[in-house]
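Structural characterization, general
The lines below spell out each chain.
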There are 2 protein chains.
Amino acid sequence: MLIVEKYGGTSVGDVDRIKNVALRVKKGLDQGHRMVVVVSARSGVTNELIARAKAITPEPDEREMDMLLTVGEQETIALTTMALHALGVPAVSRTGHRAGFRTDGNHLRARIKEISGGDIHEQLEQGKVVVVAGFQGSSPEGEITTMGRGGSDLSAIALAQGLGADLCRINTDVDGVYTADPRIVPDARKLDELHYEEMLELASSGSKVMQSRAVEFASKFNVPFEVRSSFNDNPGTIVKEEVASMEDILVNGVAVDKNQARIGVGNLPDRPGAAAKVFQSLSAAGVLVDMIVQNIGSEGRANITFTVPKDDVFKAEKALSLALAEFEGAYAKTIGDIAKVSVVGLGMRSHSGVAATLFEALAEAGINIEMITTSEIKISVGIKPAQADDAVRVAHGAFNLGES
Amino acid sequence: MLIVEKYGGTSVGDVDRIKNVALRVKKGLDQGHRMVVVVSARSGVTNELIARAKAITPEPDEREMDMLLTVGEQETIALTTMALHALGVPAVSRTGHRAGFRTDGNHLRARIKEISGGDIHEQLEQGKVVVVAGFQGSSPEGEITTMGRGGSDLSAIALAQGLGADLCRINTDVDGVYTADPRIVPDARKLDELHYEEMLELASSGSKVMQSRAVEFASKFNVPFEVRSSFNDNPGTIVKEEVASMEDILVNGVAVDKNQARIGVGNLPDRPGAAAKVFQSLSAAGVLVDMIVQNIGSEGRANITFTVPKDDVFKAEKALSLALAEFEGAYAKTIGDIAKVSVVGLGMRSHSGVAATLFEALAEAGINIEMITTSEIKISVGIKPAQADDAVRVAHGAFNLGES
């Protein structure tokens, strides 16, 4: 098999961990696989570099930031390759540019255009392990670019697709994807497999195992991948298109996001385009809106309540004050912090029993639901942040997600 | 004027020093010059990277070392460019590869083949300062290479030549080239100008202001350069082909090298090829032989005494024991540490008075001369290391090199 695997910043955090990564890669090789390894910068390095840049100028040029930040992964590919050599494993390093990561020219948030893989297949033919710098690529003008936070996951999955790999492994500091955060729910269970959509919902709801962008790419190009630990050999969670248990299990996990604030927009004319105008203004300001609830109020005026990341509240208020100016009497108001608890599972929408079970269990525990949104595979409730952990435990228990 | 200037690791050692470099570059720009800046890695960074590599494997692959080490300069070009931006100066960074440094494929000690400058002239036309990573280039295969210690000086001088610059400035942590080390000779005087050859002799005799290789390149392609301080605006020392005072001053400086050991080879047959065999073996072992003295001993057997860097003694002994095996009765013996004190000046050879003055002054000071070698522009004596500083002061005084 051709395996592309990724090790994040914690997994290559120091010299000993890098040696450990090399041992693991060698194990794959000894099992007869061809191995391509995507690595991140050592944990902390990127933040150190950013701090140095900010100490020079509060708004560093984005091109120069990319020139600066790519240094982190370049160090790791060299050290990891040396560690493989030390084990007698033939290996060679490749920067993002030489691994054929072609991106657009948007520095710090470049989007992948094409992955040629450069000469990686050739190197593999020669029996070498190829160690690739994650997070980075190059623009049509030959400028060094980076893909933003979580870019190394994306690099690995995109490279697996570009090379036609048989498997992509995302090695991380957790054993896989759990039914809930084990720090909140002691009997949370590791999932054997998961559909892309479920993974996306769990990730975007705060189970920050992987960045959504990488999962979206995997889903779009149907790249199966395994999330597993860098520090042991336990089987992880396979994320893919066809999931064996698809028809049986309704709820696969409970996620929580405590980082949201709730904003209400009131007295909006209930006519086509008014709500659109509100959300266009937020989108233009770069605010990520999550849950949205709309009611029709009195006299044909609408009220909309939605949540945004806490950090975006100021931006959102600024955007709204401009956007609402044209609607007489309309106002926006930040209501306060809110926690979002979501139960996620393929096909749950067709089983209204899921919603009933969730609402009933929360009610019994004395937890008041302030907002509700649903999607094909998720039901989310907005509740008081202080009750969030309780709500996760209650939901986890209500759907019998614990160890069997 | 088009000025290429170089700032070494100490000059860009931290964020504040990088800001200081930017201020100095801006000053050049404000004076109407076009500026290209070559920078090294922050001091300490290269050693940290080497230490990390050595912690992984005692003999890291040279290609991967280059991948690793070039990270240091890449960080500095980005930070320096940001610092220029912060002052409102348009600037752009260039890696060695993009600055068109083409080298051979010898990793860690690549030799320059050609400097195209990439698009540097274009960027200068647009009014930008171009910040170039020293020490690095790329091979015909597109591999990242480095040029070895002192490579940033070489980068600056070679780039000045490649771009047809009007001046090359080597900014360093000393004010210029002195008649002797001011820590040894309190009244040592800064030289206004110096010929390439003199600079070479002073550098290779231990006044480690610059690496010989960079001076050799400057001499070969006739690139005038100025050695001056990064931390003040004092005029430095101009090193060039035509020196105004060439006919007047015989001795320009006194240098000392305390890092040598003396080896004797005895009872060697005095026939063609015997001495050659000895020095070929040392050269093949990578030992840098410095002073060489040969006497004909009794019965047509030769004795050769020479000096090597202390660190090379073991290598030298190993090479000699093999090389001498074919000469019956010949032996090698490490005699001990020796210090080399040199007086340097253009045209001194034709004035035998220089040697006489030096020997007499040393004799008067009770300093015994154990070896003597001479070149066109230098007389060196080997003496006991404990007397080295005294010898420098005595020679400096004997030629009236102090402040006038």
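These lines cover the structure that appears in this document, whether it is placed above or below. Since the structure is predicted, the reported quantities are computational estimates derived from the model, not experimental observations.

The rules behind each value
- Residues numbered from 1 in each chain as written.
- Chains lettered and ligands numbered in written order.
- Predicted model: local features only at pLDDT ≥ 70, side-chain atom pairs only at ≥ 80, totals over all residues.
- Helix = DSSP H or I, 4+ residues; strand = E, 2+ residues; numbered from the N terminus.
- Rg over C-alpha atoms; globule rule 2.2 N^0.38 Å.
- Buried ≥ 20, exposed ≤ 12 C-beta atoms within 10 Å, placed from the backbone.
- Least-squares fit on C-alpha atoms with pLDDT ≥ 70 in both.
- Contact = placed C-beta atoms within 7 Å.
- Nonpolar A, V, L, I, M, F, W, Y, C, P; charged D, E, K, R; others polar.
- Pairing = 2+ DSSP bridges.
- Axes fitted to C-alpha atoms, helices over the stretch in contact; angles between N-to-C directions.
- Parallel < 35°, antiparallel > 145°, perpendicular 65-115°, else oblique.
- Left-handed = near helix turned anticlockwise from the far one by under 90°.
- Core = buried A, V, L, I, M, F, W, Y, C linked by C-beta atoms within 7 Å.
- Domains from an automatic or database assignment.
- Right-handed = clockwise from strand over helix to strand, strands pointing away.
- Expected span 1.5 Å × (residues − 1).
- Bend = angle between axes of the 7 residues up to and from the residue.
- Arc of directions from axis to C-beta.

1. Section: the overall build of chain A
Along its length, chain A carries 11 helices and 18 strands. The C-alpha atoms of chain A give 23 Å as radius of gyration, which agrees with the globular expectation for 404 residues (22 Å, within 12%). In terms of principal-axis extent, the alpha carbons of chain A reach across some 75 × 55 × 35 Å. Within chain A, the fraction of its 404 residues that count as buried is 49%.

2. Some points on the relation of the copies chain B and chain A
Mapping chain B onto chain A calls for a screw motion: a turn of 180° about the axis and a shift of 0.1 Å along it, with 0.1 Å RMSD after fitting. The superposition of one copy onto the other is thereby described by a two-fold rotation axis. Closest approach to the rotation axis within chain B is made by the C-alpha atom of Val71(B), at a distance of 2.6 Å. Comparing interface residues between copies, 100% of those in chain B also sit at the interface in chain A, which points to an isologous, same-surface contact.

3. Considerations on the interface of chain B and chain A
Taken residue by residue, the interface counts 26 residues in chain B and 26 residues in chain A. Within the residue set of the side of chain B that touches chain A, elements represented by two or more residues are helix 1 (15–30), helix 2 (45–56) and helix 3 (62–86) of chain B. At 14 residues, helix 3 of chain B tops the list of elements feeding residues into the side of chain B that touches chain A. Classifying every residue of the side of chain B that touches chain A gives 16 nonpolar, five polar and five charged.

4. As for the sheet that holds strand 3 (residues 91–94) of chain A
Residues and elements named next belong to chain A. Here we have eight strands laid out as an open sheet, ordered 3-6-2-1-9-11-12-10, and mixed in their pairing. The open sheet has two edge strands, strand 3 and strand 10 (193–195), and neither has a second partner. This sheet shows a mean twist of 20° between the axes of neighbouring strands, independent of strand direction. The pairing of strand 9 (residues 167–172) with strand 11 (residues 225–229) spans five bridges and is parallel. Residue pairing in the sheet places Arg 169 in a bridge with Glu 226 of strand 11. In the packing of helix 5 (residues 151–163) onto the sheet, contacts are made with strand 1 (2–7), strand 2 (34–39), strand 6 (129–133), strand 9 and strand 11, and the angle to strand 1 comes to roughly 170°.

5. What to know about the packing of helix 2 (residues 45–56) of chain A against helix 3 (residues 62–86) of chain A
Residues and elements named next belong to chain A. With their axes 9 Å apart at the nearest point, helix 2 and helix 3 run at an angle of 150° to one another. As the angle between them shows, helix 2 and helix 3 are arranged roughly antiparallel. Crossing of helix 2 over helix 3 shows right-handed handedness. Listed contacts from helix 3 to Val 45, Thr 46, Leu 49 and Ala 53 of helix 2 are Met 65, Leu 68, Leu 69, Val 71 and Gly 72. A class-by-class count of the residues in the contact of helix 2 with helix 3 yields seven nonpolar, two polar and no charged.

6. Thoughts on the nonpolar core
The biggest cluster of nonpolar side chains holds 203 residues, and the ones touching the most others in it are Ile157(A), Leu159(A), Ile157(B) and Leu159(B). When residues of this core are assigned to domains, at least three fall in each of domain 1 (2–173) and domain 2 (253–398) of chain B. When sequence neighbours within four positions are dropped, the list of residues in contact with Ile157(B) reads Cys168(B), Ala214(B), Phe217(B), Ala218(B), Val223(B) and Phe225(B).

7. A few points about the sheet that holds strand 11 (residues 225–229) of chain B
The strands that make up a sheet are held in pairs by hydrogen bonds between backbone atoms, and each pair lies either parallel or antiparallel. All names here are of chain B. Reading across from one edge, 3-6-2-1-9-11-12-10 is the order of the eight strands in this open sheet, with mixed pairing throughout. Every other strand in the sheet has two partners, leaving strand 3 (91–94) and strand 10 (193–195) as the edge strands with one partner each. The sheet shows a mean angle of 20° between the axes of neighbouring strands, direction not considered. Both strand 3 and strand 6 (residues 129–133) contribute to a ladder of four bridges, which runs parallel. Residue pairing across strands places Ala 91 opposite Val 129, the latter belonging to strand 6. Against the sheet, helix 3 engages strand 2 (34–39), strand 3 and strand 6, with an angle of about 165° to strand 6.

8. Things to note about the environment of Pro235(B)
Structurally, Pro235(B) can be placed in the loop between strand 11 and strand 12 (237–240). For the pair Pro235(B) and Ser375(B), spaced 140 residues apart in the sequence, the C-alpha separation amounts to 30 Å.

9. Here we look at unusual backbone geometry
The phi angle at Asn400(A) is positive, at roughly 50°, despite the residue not being glycine. Here Asn400(A) is to be found in the segment after helix 11 (388–398). Taking the C-beta count within 10 Å as the criterion, Asn400(A) has 9 such neighbours and is therefore assigned exposed. In this structure, Phe135(B) is a non-glycine residue whose phi angle is positive, near 80°. You can see Phe135(B) is positioned in the loop between strand 6 and strand 7 (136–138).

10. As for the pairing of strand 1 (residues 2–7) of chain B
Residue and element names in this part refer to chain B. Of all six residues that make up strand 1, five are buried, and the element is covered over most of its length. When strand 1 meets strand 2, the two strands line up parallel, connected through six bridges. Bridge pairing in strand 2 places Ile 3 opposite Met 35. Viewed along the sheet, the connection from strand 1 through helix 1 into strand 2 turns out right-handed. Where strand 1 meets strand 9 (residues 167–172), five bridges bridge the pair, whose relative direction is parallel.

11. Concerning helix 3 of chain B
Residues and elements named next belong to chain B. Compared with an ideal rise of 1.5 Å per residue, which puts 25 residues at 36 Å, helix 3 spans 37 Å between its outermost C-alpha atoms and is within 8% of the ideal. Val 71 marks where helix 3 bends most, by close to 25°. With respect to burial, helix 3 is a largely interior element, 21 of its 25 residues being buried. Downstream of helix 3 by one or two residues, Gly 88 has phi in the positive range, about 80°.

12. Here's the deal with helix 9 (residues 313–323) of chain B
Residues and elements named next belong to chain B. The complete set of buried residues in helix 9 reads Ala 316, Ala 319, Leu 320 and Ala 323. Take helix 9 and look down its axis: the buried residues cluster within an arc of 100°, on one side only. Counted as exposed and oriented over 90 degrees from the buried face of helix 9: Phe 314, Ser 321 and Leu 322. In this structure, the buried residues of helix 9 make contact with strand 13 (253–269), helix 8 (274–284), strand 15 (301–309) and strand 16 (331–344).

13. Here we look at the environment of Ala363(B)
All names here are of chain B. Within the fold, Ala 363 resides in helix 10 (residues 353–364). For Ala 363, a count of 12 C-beta atoms within 10 Å translates into the label exposed. Between the C-alpha atoms of Ala 363 and Gly 300, which are 63 residues apart in sequence, the distance is 32 Å.

14. A closer look at the pairing of strand 6 of chain A
The side chains of a regular strand alternate, residue by residue, between the two faces of the sheet. All names here are of chain A. With five of five residues buried, strand 6 lies mostly within the body of the structure. Alternating positions in strand 6 separate into two faces, Val 129, Val 131 and Ala 133 on one and Val 130 and Val 132 on the other, with burial throughout. The pairing of strand 2 with strand 6 spans four bridges and is parallel. Within strand 6, the residue paired with Val 38 across the bridge is Val 132.

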